[in-house]
Amino acid sequence: MTPGTISPRRPVPAHVRRPEYVDRPSPTPYDGPEVKDEETIAKMRVAGRLAAQARDLVGSHVAPGITTDELDRIGHEFLCDHGAYPSTLGYRGFPKSLCSSVNEVICHGIPDDRVVEDGDIVNIDITAYLDGVHGDTNATFLAGDVDEESRLLVERTREALQRGINAVKPGRRINIIGRDIESYAKRHGYGVVQEFTGHGIGTSFHSGLIVPHYDDPDHDDLIEVGMTFTIEPMLNLGVREWEMWDDEWTVVTRDLKRSAQFEHTLLVTRDGAEILTTP
């Protein structure tokens, strides 16, 4: 993978509400509760559903011959047409409305004029900001005839996310999620990326709550009913280590082997977790 040409920033209709951080160096630090009230949760269900619809719509267009910039256009227009702001656009200077991470790109790939090729795997990470809250989700899609090793990586990364979700129970500690993900991934010899994590979410895109995807004893927040956060494991065919391009966004595997990722926004319930990012 090499950087391509990035098109001009797409406009957002004036009536669409912007997050406070747009075109500022950084967002205002969140100082609210991780346990959300019923009004916020109701709004997050709507934003999460819309984000999931955008994810699946863009994913349905992942095929050989399309550019990642065109995928960005599809996601951008869908969200704007439904009154939502694409949360990544203008977040800490990010220039696009979704992240498109292809093959060895772990996360935060910037859509550009690169053409998706037969056999690629493409992660689409898209977030909807609607009625003052965010819904964040991603999935990895197959383009054309994908080799078996890559297909299994994608399938098992989806399963790793599900195992992380299954681990969510009130009264447990947040690091049980990463413990279960890492245990599963290591059975298949995959590298588990540590430095990019799940996060608290709600009125803030990233609340400050950290959800590791590996067994990290330093992050042992108590899981409580009403908390909302993402789980988004990144599994690599090779080593877990990474490098960043000069654009200061695109993260690639150090050994240039492929990486896959899946993400949902979750609400902690009395029985476990409700997935908010389903269509």
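Above this text you will find the structure in question.
Throughout, a residue's number is its position along its own chain's written sequence, starting from 1. Only residues with pLDDT of at least 70 get local features here, since the model is predicted, and only at 80 or more are side-chain atom pairs given and counted; chain-wide, interface and lining totals rely on the full set of residues. For side-chain calculations, the full set of non-hydrogen atoms in the structure is used, while hydrogens and water are omitted.

For the pairing of strand β9 (residues 228-231), give the residues involved together with the corresponding values.
Under the scheme applied here, a residue whose accessible area is under 20% of the maximum for its type counts as buried, over 50% as exposed, and between as partly exposed, the area being computed with a 1.4 Å probe on protein chains only. Under the scheme used here, helices are H or I runs from DSSP no shorter than 4 residues and strands are E runs no shorter than 2 residues, and both carry numbers assigned from the N terminus. Burial along β9 is two-sided: T228 and T230 facing one way and F229 and I231 facing the other are all buried. Strand pairing is assigned whenever DSSP detects at least two bridges linking the two strands. Two elements, β9 and strand β14 (residues 264-268), share 4 bridges in a ladder whose sense is antiparallel. Bridge pairing in β14 links I231 to H264.

I'd love a proper account of the packing of aromatic side chains, names of residues and values included.
Two aromatic rings from Phe, Tyr or Trp, using only the six-membered ring of Trp, form a pair when their centres are within 6.5 Å; if the ring planes differ by under 30 degrees the pair is stacked, by over 60 it is edge-to-face, and anything between is tilted. Counting across every chain of the model gives 5 aromatic pairs. Aromatic side chains F94 and W249 sit 5.0 Å apart centroid to centroid with 85° between the ring planes, which places their arrangement in the edge-to-face category. You can see F94 sitting in the loop between β1 (85-86) and β2 (99-102) and its partner W249 sitting in the loop between β11 (242-244) and β12 (251-253), a full 155 residues away along the chain. An aromatic cluster is built from Y21, Y91 and F205, whose rings are joined through pairwise contacts.

Which residues make up helix α3 (residues 148-166), and what values go with them?
Take the number of residues in a helix, subtract one, and multiply by 1.5 Å to get its expected span. If you check α3, its first and last C-alpha atoms are 27 Å apart, about what 19 residues at 1.5 Å a residue would give, namely 27 Å. In protein, a polar contact means a hydrogen-donor-capable atom and an acceptor-capable atom, both N or O and within 3.5 Å, with residues adjacent in sequence counting only if both atoms are side-chain atoms; elsewhere, any N or O pair within 3.5 Å suffices. For α3, the N-terminal cap is D147; the gap from its side-chain oxygen to the backbone nitrogen of E149 is 3.1 Å.

Pulling in residues and values, what's your account of the sheet that holds strand β15 (residues 273-275)?
Within a beta sheet, neighbouring strands are joined by backbone hydrogen bonds and run either parallel or antiparallel to one another. With antiparallel pairing, 3 strands are arranged side by side in an open sheet as β9-β14-β15. The open sheet terminates on both sides in strands that have one partner only, identified here as β9 and β15. Looking at each pair of strands side by side, their axes are set apart by 40° on average, direction ignored. Of the strands in this sheet, β9, β14 and β15 touch helix α1 (residues 38-60), which is tilted by about 155° from β14. Lines fitted to the C-alpha atoms define the axes, with helices restricted to the stretch that makes contact. Angles between their N-to-C directions range from 0 to 180 degrees. Whether two residues touch is decided by their heavy atoms; if any such pair falls within 4.5 Å, the residues are in contact.

Help me get a handle on the state of the cysteines, residues and values and all.
In a disulfide, the sulfur atoms of two cysteines are held together by a covalent bond. Here, the term disulfide refers to a pair of cysteine sulfur atoms separated by no more than 2.5 Å. Within the structure shown, the criterion is met by 0 disulfides. C107 takes part in no disulfide bond, and the closest cysteine sulfur to it belongs to C99, at a distance of 7.8 Å.

Tell me about the sheet that holds β12, and name the residues and values.
Reading across the sheet, the 3 strands line up as β3-β12-β11 and stay open at both edges, with antiparallel pairing between neighbours. Either end of the sheet is taken by a strand with one partner, and the two such strands are β3 (105-107) and β11. With direction set aside, neighbouring strand axes in the sheet form an average angle of 40°. Pairing geometry for β11 and β12, over 3 bridges, is antiparallel. When the sheet's bridge partners are listed, W242 is paired in β12 with T253.

How would you explain the packing of α1 against helix α2 (residues 68-81) if you had to name every residue and give the values?
Across the interface, α1 lies against α2 with an axial gap of 9 Å and an inter-helix angle of 150°. Considering their axes alone, α1 and α2 lie roughly antiparallel with respect to each other. For the pair α1 and α2, the sense of crossing is right-handed. Contacts between α1 and α2 involve L50, Q53, A54, L57 and V58 from the first element and L71, I74, G75, F78 and L79 from the second. Any angle that falls under 35 degrees is termed roughly parallel, while one over 145 is termed roughly antiparallel, one within 65 to 115 roughly perpendicular, and all others oblique. The hand of a helix crossing depends on one turn: near helix anticlockwise from the far one by less than a right angle means left-handed, and clockwise means right-handed.

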